[in-house]
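Summary of the model geometry
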Amino acid sequence: MSSSSASSPYDRSALSRRAFGGAVGAGAAAAVGLPAAAEARERPFRAAPHRRAKRPNILFVLGDDLGWADLSSYGSPHIKTPNLDRLARQGVRFTDAYSGSATCSPTRFSLYTGRFPGRTEGGLAEPIADRSVGLEPTHPTLASLLRDAGYATALIGKWHCGYLPDYSPTRSGWDEFFGNFGGALEYYSKLGLGGEYDLYEGDAEYKDLRYYTRILTERAGEYIQRDHGNKPWLLNLNFTTPHWPWIADGDEEESAEIVRRIKAGQKGALWHKDGGSVEKYTELVQDLDRSIGEVLRALRTSGQERDTLVFFASDNGGERFSYNWPLSGNKGSLKEGGIRVPTIVRWPARIDGGQVSHEPVFTPDWTATLLEIGGARPSPAHPLDGTSLAPYLLKGEEIAERELFWRVRGERALRRGDWKYYRGEDGADQLFHLTDDLREQADRAVAEPELLAGLKAAWERTDKELLPYPATSSRDSSRASSRDSSGRHSR
């Protein structure tokens, strides 16, 4: 699917055609708040194949529940994200990038394993909400494979792939871990969903009652500036921002009230359904941007900026206060708003800045890409579901036409080219042409029955390879009880 292919269904001559649903030029940019001048500065992606560089350090940053249009470089009219916008100008901004699933832990499974979440028992939990499952330590991961290839590895922040004593980043390939095991925590007290204290260094509790985002930012800077003994390094930096509870830095009274409710045994207190606002959410996102700016400054002052591949994305679509326009759906849904995420890649030594890519890509692709760039071989016993984008990014090779697949309880989706097959909880098969209908409102199922049948059959072929969902489990009930006010899953 190259821009040089005359028969390709993708027209990449205009940024807006992919990013903003078919309208072209400055009018489309204005429709979602992106300044026309900013759009004009980007050019369609082209590789620089004659460049050479050593294996890069890898700084892989995830936001938590950040929506596709929550960055000003993706169209937010009210959230200012100068540091991430600068990162995009220095690298490649992806308009058609997707998460591996619609909630936190399945996407993390897809990143760490490079495979569909449904290939592992832990990945069937949407998301993990108890101690019964997790990422099996015997399963190869991005970290374990890169470590075997000579990388130092660390994970700082949210793990959400299982709890102690059976599951932990340090059991799955990361040399170091500092962060929280669960899906959410109160930013000051570090109390998790069950009222447990959830800040750890390795497998031991670590006491620090400062604002969590500040702690993670500080730790990441320290790791980057450390002497790694001439080894390249992988740092997975997983912020919990802007995930609920809606506690910004300085909101200590609101924090104390939530802690009081948790300690009084109020179930769901951490979900903060009676709190938050668009303004508070904006504050959280802008704090995330400032924090990432601090980490990037630490990288620059360390002298490693040129030789570090920086990746930024969200783990799934936005939640209650997120700005997702013009997408439909939000976190928990396989509509575009639940799985299309802001994604930026910068590697100064190999990739030119000021570029935009409209190639459809998703989380498992990045696993395959980073393994290839890092000189690590995937495990033959655990074949990857992602496609390495290294030939595309570094050599300018075409990405062969393929299908991006998603499955969650009650919903299914598959994208091939510009077409997306979707079935929601009502059981109706739908077909959308995303270039012409990014908002997924014009169902083409009746007009294109053969295409619909082909995409449906492709989805079902992949589905047959995956583990079936358990008929009943504690995870199901916890998932049902954790729906937010919109009816979508709130973790």
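About the thresholds
- Residues numbered from 1 in each chain as written.
- Predicted model: local features only at pLDDT ≥ 70, side-chain atom pairs only at ≥ 80, totals over all residues.
- Heavy atoms only, no water.
- Axes fitted to C-alpha atoms, helices over the stretch in contact; angles between N-to-C directions.
- Helix = DSSP H or I, 4+ residues; strand = E, 2+ residues; numbered from the N terminus.
- Parallel < 35°, antiparallel > 145°, perpendicular 65-115°, else oblique.
- Left-handed = near helix turned anticlockwise from the far one by under 90°.
- Contact = heavy atoms within 4.5 Å.
- Nonpolar A, V, L, I, M, F, W, Y, C, P; charged D, E, K, R; others polar.
- Polar contact = N/O pair within 3.5 Å; in protein donor to acceptor, adjacent residues only side chain to side chain.
- Buried < 20%, exposed > 50% of the residue type's maximum accessible area, 1.4 Å probe, protein only.
- Pairing = 2+ DSSP bridges.
- Phe/Tyr/Trp six-rings, centres within 6.5 Å; stacked < 30°, edge-to-face > 60°.
- Lys NZ or Arg CZ within 6 Å of the ring centre and 35° of its normal.
- Core = buried A, V, L, I, M, F, W, Y, C linked by side-chain atoms within 4.5 Å.

1. Focus on the packing of helix H5 (residues 104–113) against helix H11 (residues 363–373)
For any two helices packed against each other, the geometry comes down to the angle between their axes and how far apart the axes lie. The N-to-C vectors of H5 and H11 enclose an angle of 25 degrees; their axes lie 7 Å apart at closest approach. It follows from the interaxial angle that H5 and H11 lie roughly parallel. Taken as a pair, H5 and H11 cross one another with a handedness that is right-handed. Only Thr363, Pro364 and Thr367 of H11 make contact with H5, whose side of the interface consists of Thr107, Ser110, Leu111 and Thr113. When its residues are assigned to classes, the contact of H5 with H11 shows two nonpolar, five polar and no charged.

2. Describing the side chain of Arg261
Position of Arg261 relative to the elements: it lies in helix H8 (residues 252–263). At 2.8 Å, the side chain of Arg261 forms a polar contact with the side chain of Asp274. Setting aside residues up to four positions removed in sequence, Arg261 forms contacts with Gln266, Ala269 and Asp274.

3. What about the pairing of strand E17 (residues 429–433)?
Of all five residues that make up E17, four are buried, and the element is covered over most of its length. The pairing of strand E16 (residues 419–423) with E17 spans five bridges and is classified as antiparallel. Bridge pairing in E17 places Arg423 opposite Asp429.

4. Looking at the packing of aromatic side chains
Under the definition given, this model contains 21 aromatic pairs. Through a chain of ring-to-ring contacts, three or more aromatic side chains come together here, namely Tyr98, Phe116, Phe362, Phe405, Trp406 and Trp459. Across the ring face of Phe178, the terminal group of Arg219 is positioned such that the distance to the ring centre comes to 3.9 Å. A cation over an aromatic ring shows up here: Arg407 above the ring of Tyr469, its NZ or CZ 4.4 Å from the ring centre.

5. Describing the nonpolar core
Counting 56 residues, the largest nonpolar core has Leu59, Trp233, Leu235, Leu237, Ile292 and Phe312 as its most contacted members. When contributions to this core are tallied by element, the ones reaching two or more residues are strand E2 (57–63), helix H4 (82–89), strand E5 (152–158), helix H7 (212–225), strand E9 (233–238), H8, helix H9 (278–301) and strand E10 (308–314). The element that contributes the greatest number of residues to this core is H9, accounting for eight residues. Contact partners of Leu59, with chain neighbours within four places excluded, come to Ile224, Trp233, Leu235, Leu237, Val295, Leu296, Thr308, Leu309, Val310 and Phe311. Leu62, Tyr163, Phe177 and Trp347 belong to the second-largest nonpolar core, a separate cluster that totals 48 residues.

6. Observations regarding the sheet that holds E10
Taken together, the 11 strands give an open sheet; going across it, the order is E1-E12-E3-E11-E10-E2-E9-E5-E6-E7-E8, and neighbouring strands pair in mixed fashion. The strands lining the two open edges of the sheet, one partner per strand, are strand E1 (43–44) and strand E8 (204–205). As defined by bridge partners, E10 adjoins strand E11 (residues 343–346) across four bridges and the pair is classed as antiparallel. When the bridges of E11 are listed, Phe312 appears paired with Ile344. Contacts from H4 reach strand E3 (92–94), E10 and E11 within the one sheet, and its direction differs from that of E11 by about 55 degrees.

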